Amino acid sequence: MIPSQAEIVIVGGGAVGCAIAYHLAKLGKKDVLLLEKAQLTHGATWHAAGLIGQLRSSRNLTRMMQYSAQLYGALEKETGQATGWHGVGSLRVAASEERWLELKRAATLARSFGFEMQLVGPAEAAKLFPVMNLADVVGAAFVPSDGYVDPSSVTQAMARGARGGGIAIREGVRVTGLKREGRRIVAVETEQGTVRCDAAVNAGGMWGREIGAMAEVPVAVCAVEHQYLVTEKIAGLPADLPTFRDPDGRYYVKPEVGGLAFGGWEDNTRPFGRHGIPASFGAELLTPDFDRFEPLGAAAAHRIPALEKAGVKTMINGPIPISADGEPVMGKAPGLDNFFICCGFTSGIAAAGGAGRAMAQWIAEGDPGMNLWAFDVLRFGAHHAGPRYLFERAIEAYANYYTVAWPGHEQASGRGGRRSPLYDTLKARGAVYGSKFGWERPNWFAPRGVAPVDHPSFGRANWFDQVGEEHRAVRERVALTDMTSFTKVEITGKGALAALQRVAANNLDRPPGAIVYTQLLNEGGGIEADVTITRLEQDRFYFVTGSAYGVHDVAHLEKHLPRDGSVELREVTASRAVINLCGPRARDVLQQVTDDAVDNAALPYMRGKEIRLGYAPVLALRVSYVGELGWELHVPMDYAQHVYETLRAAGETLGIADVGYRAISSLRLEKQYLYWGADISPDETPLEAGLAFAVAMKKPDFVGRAALERQKQEGVKRRLRWFSTDGRANLFGGEAILRAGRIVGYTTSGGYGYTAGRAIACGYLSVADAAAGEFAIEAFGERFPATPHDRPLHDPEGKRLRA
């Protein structure tokens, strides 16, 4: 029997679902019901390999994985259930100079997090993994605290801990529907009856998409085949081998009862359940594909000669969950107030403990305790969950699991779906496109004689010189950038001003035409969004945010705006193109093509108005992310081509240029402009980020105000610091910042400033460490003296912006 009501219902009894239940119990939540359609672990958990690797691309994601490892080492003592935890460490070898650079970068990142990762030479690597052939090994990285676990056992241990905390777990109960009323899930329907609930959690693993559909929520999660092989016992195999990864060979290895288990991430894995995964599918395996596995086997045998003669005990081919970008999907579903998603974990065992704790906090306390944007469900839109796009991207993400993490790498699949009206025109002019939220966006422009393709590098990539030319065009002449992918939202109604005053930190009660740069904060004062809002009319506002942030930012708005009909949100992204006109000669171009006055008196900085440009109605917003005179020209889609052609023709004699997003990145660093998701996030407040000028503390109230007031009274404990170094340094974000030889932080952004002729980066330091001192930035194991800057390297007084 199942209860007819529970406060929280979790759907799915794999490692992640049981981890959520376990941690809800730790938070004192006892009225919780976990439903599993078969038996615990019978999705992808039971056949998982069970490797636990902790270092990830950000401090928060690393913290999440660290917690998992710590939990798995302690669960057996707490619950009495064995977990099979072996803290043997992990060894990752580099068989190429490029991979060795990547490991050096990872080691620097680890040092900045205070995470132990040792770089070792080939001889030391052989001592740690003596069955290895050292041919072509350049070096290796050893993490002493990594290990492996028995996936089924650790899941059962968390389930036992959850039951001990009062959580109800029911196996053999298939969920058939989710009853939705407005913005809430009010009941979970099963074959054995209906359970009313206050919150529901989709922990369905590879069934995440199907469970989401029950609530009319698209979830960008599917399943693909994953294979690994288990050998018979191998004579002479050391008993304490660490887990082993050879990413250049695209495979991993772990000890397995006197033998070895090894698998990997090959090209063109097969999708599973393209048209839906049957609910009846349980603890089942798929037919092995030896031909597809053969390249991995050959690479493993080359590195570990003992595998050539080892007998095969079993070959596992099982479906595993994966998302549209290969990362898990977590958080509160858009459009719903009480439906949480936590699925799509390709490395679900490594992440389950930390993800379970974060989700439990999200459900019970409204916040996961850290910024998890890289995993947030709100990073995806409906198009990501479309089956064709989803499976194309998932298969590529799977194949790239061990690919070198090149800066600026772009995915090849799922391309061309969303295009600006200028796509073909810019393509013909040499545009090399990247992809953002499904949109094709020009990253850079290849002139005649230069191949329009990316060749990423940890040094200066093939686009470096061309991006420099685009950068200089903005600083010295005039340029055009297609920014159509911006998310645009109209907010209207008699309650619009009052509602936005409550949501935004800055003051929006300004005359029509005013553009306000502002942050949207959470209750803790953290930055949830970084946007501009233009007051078009008394009760009509125009909200602009980044291409990838629309779902996230609109969800934040909807959370706080009234639901009494006094405010209406309407996304207009698909109906309006945006062409950015910028540079010191921008006004000379614009004035040629409009009869409206655009001088400084008629259209000053941070003001907008409707003008006619050629034949087109245009909303001209005088705002800039590059630090020069310029306008965002918001144009009906059907006029975009005309506006572009008119501007190009008018600027021809002035040397007008097309500019891509890589130049914009360089330009904004010289102006100390921030990037949400890297430099600012829910973990940072405006006071820490140097954005106090965009906060109207004189307003009587707004979301996050009380937290900022407390922070002001208690004193800010850390702040964002900007640095520049010798132009030889290749900075991308994630480098260690040192003061007097001691690591004091890490960079959140980094790049080259072509006007300054220096590498530029920023990062958060404690107030004490941010004071004057001798600084350095460590990149790829090399330290570069760094000069701190309180003001931007380019136009620190902003005179060019306001010209």
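Residues numbered from 1 in each chain as written. Predicted model: local features only at pLDDT ≥ 70, side-chain atom pairs only at ≥ 80, totals over all residues. Heavy atoms only, no water.

Enquirer: Go over the sheet that holds strand S25 (residues 527–537) with me, naming the residues and quoting the values.
Expert: Within the open sheet, the 5 strands sit side by side as S24-S25-S26-S23-S27. Their pairing is antiparallel. Either end of the sheet is taken by a strand with one partner, and the two such strands are strand S24 (515–521) and strand S27 (568–571). For this sheet, the mean angle separating the axes of adjacent strands, direction not counted, is 30 degrees. Across 5 bridges, S25 lies against strand S26 (residues 540–545) in antiparallel orientation. Bridge pairing in S26 places Arg-535 opposite Phe-541. Sheet contacts for helix H13 (residues 550–560): strand S23 (487–492), S24, S25, S26 and S27; angle to S25, the most-contacted strand, approximately 75 degrees. (Pairing = 2+ DSSP bridges. Helix = DSSP H or I, 4+ residues; strand = E, 2+ residues; numbered from the N terminus. Axes fitted to C-alpha atoms, helices over the stretch in contact; angles between N-to-C directions. Contact = heavy atoms within 4.5 Å.)

Enquirer: Now, about the pairing of strand S11 (residues 193–202): what can you tell me, with residues and values included?
Expert: As paired elements, strand S1 (residues 5–11) and S11 share 6 bridges and run parallel to each other. Paired with Ala-6 across the bridge in S11 is Cys-197. Taken together, the 4 bridges between strand S10 (residues 184–190) and S11 define a ladder with antiparallel strand orientation. Looking at the pairing, Ala-187 lines up with Arg-196 of S11. Linking S10 to S11, which pair antiparallel, is a turn of 2 residues. The pairing of S11 with strand S19 (residues 339–343) spans 3 bridges and is classified as parallel. Opposite Val-201, over in S19, you have Phe-340 as the bridge partner.

Enquirer: Talk me through helix H14 (residues 586–593); I want residue IDs and the actual numbers.
Expert: Helical geometry: 3.6 residues make up each α-helical turn, so side chains three or four residues apart lie on a common side. Inspection of H14 places Ala-586, Arg-587, Val-589, Leu-590 and Val-593 among the buried residues, and these make up the whole buried set. One face of H14 carries all of its buried residues, which in axial projection span an arc of 160 degrees. Along its buried surface, H14 packs onto strand S28 (576–582), strand S29 (608–613), strand S31 (630–636) and helix H15 (640–651). (Buried < 20%, exposed > 50% of the residue type's maximum accessible area, 1.4 Å probe, protein only. Arc of directions from axis to C-beta.)

Enquirer: Would you mind going over the pattern of salt bridges in detail, with residue names and values included?
Expert: Across all of its chains, the model carries 48 salt bridges by this definition. We note a salt bridge from Arg-705 to Glu-709, for which the minimum N-O separation is 3.7 Å. Of this pair, Arg-705 and Glu-709 both sit in helix H18 (residues 705–714), 4 residues apart, roughly one helical turn. On the basis of relative accessible area, Glu-709 is assigned to the partly exposed category, the value being 25%. (Salt bridge = Lys/Arg side-chain N within 4 Å of Asp/Glu carboxyl O.)

Enquirer: Tell me what's going on with the packing of helix H2 (residues 59–79) against helix H5 (residues 151–164), and back it up with residues and numbers.
Expert: The N-to-C vectors of H2 and H5 enclose an angle of 55 degrees; their axes lie 10 Å apart at closest approach. In terms of orientation, H2 and H5 fall into the oblique class. Judged by the sense of rotation from one axis to the other, the crossing of H2 with H5 is left-handed. Contacts from Leu-71, Tyr-72, Leu-75 and Thr-79 in H2 reach Val-154, Ala-157, Met-158, Arg-160 and Gly-161 in H5. Grouping the amino acids of the contact of H2 with H5 by side-chain chemistry returns 6 nonpolar, 2 polar and 1 charged. (Parallel < 35°, antiparallel > 145°, perpendicular 65-115°, else oblique. Left-handed = near helix turned anticlockwise from the far one by under 90°. Nonpolar A, V, L, I, M, F, W, Y, C, P; charged D, E, K, R; others polar.)

Enquirer: Give a description of the packing of helix H1 (residues 15–26) against H5 that names residues and reports values.
Expert: Put simply, H1 and H5 touch, their axes get as near as 8 Å, and they point 30 degrees apart. On the basis of their axis angle, the class for H1 and H5 is roughly parallel. Both H1 and H5 take part in a crossing whose hand is left-handed. Residue-level contacts link Ala-15, Cys-18, Ala-19, Ala-21, Tyr-22 and Ala-25 of H1 to Thr-155, Met-158, Ala-159, Gly-161 and Ala-162 of H5. Within the contact of H1 with H5, the residues separate by chemical class into 9 nonpolar, 2 polar and no charged.

Enquirer: So what's going on with the sheet that holds S31? Residues and values would help.
Expert: Reading across from one edge, S29-S30-S31-S28-S22-S32 is the order of the 6 strands in this open sheet, with mixed pairing throughout. At either margin of the open sheet sits one strand with a lone partner, and together these are S29 and strand S32 (657–658). Both strand S30 (residues 616–621) and S31 contribute to a ladder of 3 bridges, which runs antiparallel. Counted as the bridge partner of Leu-621 is Glu-632 from S31. Of the strands in this sheet, strand S22 (479–482), S28, S29, S30, S31 and S32 touch H15, which is tilted by about 15 degrees from S28.

Enquirer: Which residues make up the packing of aromatic side chains, and what values go with them?
Expert: If you walk through the whole model with that rule in mind, you get 23 aromatic pairs. Seen in terms of ring centroids, Phe-272 and Phe-281 are 5.0 Å apart; in terms of plane orientation they differ by 55 degrees. Their pairing is tilted. Exposure remark for Phe-272: the relative accessible area of 13% places this residue in the buried category. Three or more aromatic residues joined by ring pairs form one cluster here, namely Tyr-252, Trp-265, Tyr-398, Tyr-401 and Tyr-402. The residue whose ring lies beneath Arg-357 is Tyr-67, and the NZ or CZ to ring-centre distance is 3.8 Å. The aromatic ring of Tyr-764 is capped on one face by Arg-718, whose charged end is 4.9 Å from the ring centroid. (Phe/Tyr/Trp six-rings, centres within 6.5 Å; stacked < 30°, edge-to-face > 60°. Lys NZ or Arg CZ within 6 Å of the ring centre and 35° of its normal.)

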